[in-house]
Amino acid sequence: CSSDLTQADVQRQGVDDHDILVVTIPRAPRTARPVYLNGNPYNAFRRSREGDRRCSEIEVRRMMADASDEPADAEVLDGFALDDLDRPTLEAWRNIFRSRKPDHPFLTGDDLALLKSIGGWRRDRATGREGLTVAGLLMFGQERPILDRFPRYQLDYREVDEGLPGERWQDRVTVDGTWPSNVFSFFRRVIPKLSADLKVPFRLDADLRRIDVTPAHEALREALVNALIHADYTGTRGIRVFKRRTSFELINPGTL
């Protein structure tokens, strides 16, 4: 059993003049999943309404990754180097960071020093291995190196107008070889499109400067950031963002 049962988890109940034992099995904690049979992690089952079904290989790998105390994006990658990054993307991130915190010490070094400071490059103290991390590759990588590590990697934004029959989308950003296709570039391309039609009432802050951001803008930004961060990039469906006339829909693989 994945957890220790207590007396409160076992109850005797009467049903039609018969006594039955009702055993409530607590859900296994994150660090104990998957729960499996016969010493085989892939012999794991998930309870659904109609019964138990065997977990897929992807589901098992996801649970095993979630069980680790080390973040999945901190993994040091073998065979990847700084040449696998898109330098204009990294420079754009540096410029945005500089505009907000011009005196921050992270900005004093070169690209490698910056990556080390923000977790894009690290040394595994247990093994001594040093190199580009999953986070660094996803955030700043070129398309081909990202696909080499994550063959099912997909970022897809679509603007859909349900009122136009036969038309699937009017605008789209997807992994197609025309842009770096990393997470940061996707965010920068998509967030203006998502928020383009939101109304901005006239408001001034305490310094009499125009406020151009509403709670709706902030909610969309947080939703997109969370969809990109809390995603399983080994999944089969990828990140999907839909902008419709009356709604927004953000879908990511994983358990968020």
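All right, on to the overall build of the chain then. Counting its secondary structure elements, the chain contains seven helices and ten strands. Taken over the C-alpha trace, the chain has a radius of gyration of 24 Å; the compact-globule value for 256 residues is 18 Å, which it surpasses by more than 25%. Over its C-alpha atoms, taken along the principal directions, the chain stretches across nearly 75 × 55 × 45 Å. A total of 256 residues make up the chain; the buried ones form 34% of that total. Accessible surface computed for the chain: about 16,400 Å², of which carbon and sulfur atoms make up 49%. In the chain, which carries 40 positive and 41 negative side-chain charges, the distance between the mean positions of the two groups comes to 2 Å.

Next up on the list: the environment of Met63. By the secondary structure assignment, Met63 is in helix H1 (residues 57–67). Judged by its relative accessible area of 14%, Met63 is buried. Sequence spacing of Met63 and Phe45 is 18 residues, and the spatial spacing of their C-alpha atoms is 12 Å. In contact with Met63, not counting residues within four places along its chain, are Arg33, Pro34, Arg46 and Cys55.

Following both chains from N to C, one finds helix H2 (residues 87–100) and helix H6 (residues 183–195) inclined at 65°, their axes separated by 9 Å at the closest point. Regarding H2 and H6, the two cross each other, and that crossing is left-handed. In this structure, H2 uses Thr89, Ala92, Trp93 and Ile96 to contact H6, whose residues at the interface are Phe184, Ser185 and Arg188.

Bringing unusual backbone geometry into the picture now. Looking along the chain, the bond that leaves Arg33 and enters Pro34 is cis, with omega of 5°. With respect to the helices and strands, the residue Pro34 is situated in the loop between strand S2 (18–23) and strand S3 (45–48). In the Ramachandran plot, Asn38 falls in the positive-phi region, its phi being about 60° despite a non-glycine side chain. Along the chain, the position of Asn38 falls in the loop between S2 and S3. Of the residues examined, Asn38 reaches a relative accessible area of 75% and is grouped as exposed. Of note, Ser181 is a non-glycine position whose phi angle comes to about 65°, a positive value.

Under the definition given, this model contains 16 salt bridges. When the shortest N-O distance is used, the salt bridge between Arg245 and Asp161 registers 3.1 Å. Of this pair, Arg245 sits in the loop between strand S9 (239–243) and strand S10 (248–251) while Asp161 sits in the loop between strand S7 (155–159) and strand S8 (171–174), and the two are 84 residues apart along the sequence. Classification of Arg245 as exposed rests on a relative accessible area of 59%.

Sheet faces and side chains relate simply in a regular strand, where the side chains alternate between the two faces. The sheet contact formed by S9 and S10 spans four bridges and is antiparallel. In the strand pairing of S10, Val241 is matched with Leu250. What sits between the antiparallel neighbours S9 and S10 is a turn of four residues.

What follows is about the packing of H2 against helix H3 (residues 111–118). Close contact between H2 and H3 brings their axes to 12 Å; oriented N to C, the two are set at 65°. Classified by the interaxial angle, the pair formed by H2 and H3 is roughly perpendicular. Classified by chirality, the crossing of H3 by H2 is left-handed. Contacts from Arg87, Leu90, Trp93 and Arg94 in H2 reach Asp111, Leu114, Leu115 and Ile118 in H3.

Another point: the confidence of the model for the chain. Per-chain confidence: the chain averages 88 in pLDDT, with 95% of residues scoring 70 or above. Here H1 stands out as the element of the chain with the lowest mean pLDDT, 78, in contrast to helix H4 (residues 134–140), whose mean of 97 is the highest.

Cut-off values and rules
- Residues numbered from 1 in each chain as written.
- Predicted model: local features only at pLDDT ≥ 70, side-chain atom pairs only at ≥ 80, totals over all residues.
- Heavy atoms only, no water.
- Helix = DSSP H or I, 4+ residues; strand = E, 2+ residues; numbered from the N terminus.
- Rg over C-alpha atoms; globule rule 2.2 N^0.38 Å.
- Buried < 20%, exposed > 50% of the residue type's maximum accessible area, 1.4 Å probe, protein only.
- Areas by Shrake-Rupley, 256 points an atom, 1.4 Å probe, with all protein chains shown as cover.
- Lys, Arg positive; Asp, Glu negative; His and termini not counted.
- Charge placed at Lys NZ, Arg CZ, Asp CG, Glu CD.
- Contact = heavy atoms within 4.5 Å.
- Axes fitted to C-alpha atoms, helices over the stretch in contact; angles between N-to-C directions.
- Left-handed = near helix turned anticlockwise from the far one by under 90°.
- Salt bridge = Lys/Arg side-chain N within 4 Å of Asp/Glu carboxyl O.
- Pairing = 2+ DSSP bridges.
- Parallel < 35°, antiparallel > 145°, perpendicular 65-115°, else oblique.
- pLDDT = per-residue confidence, 0-100.

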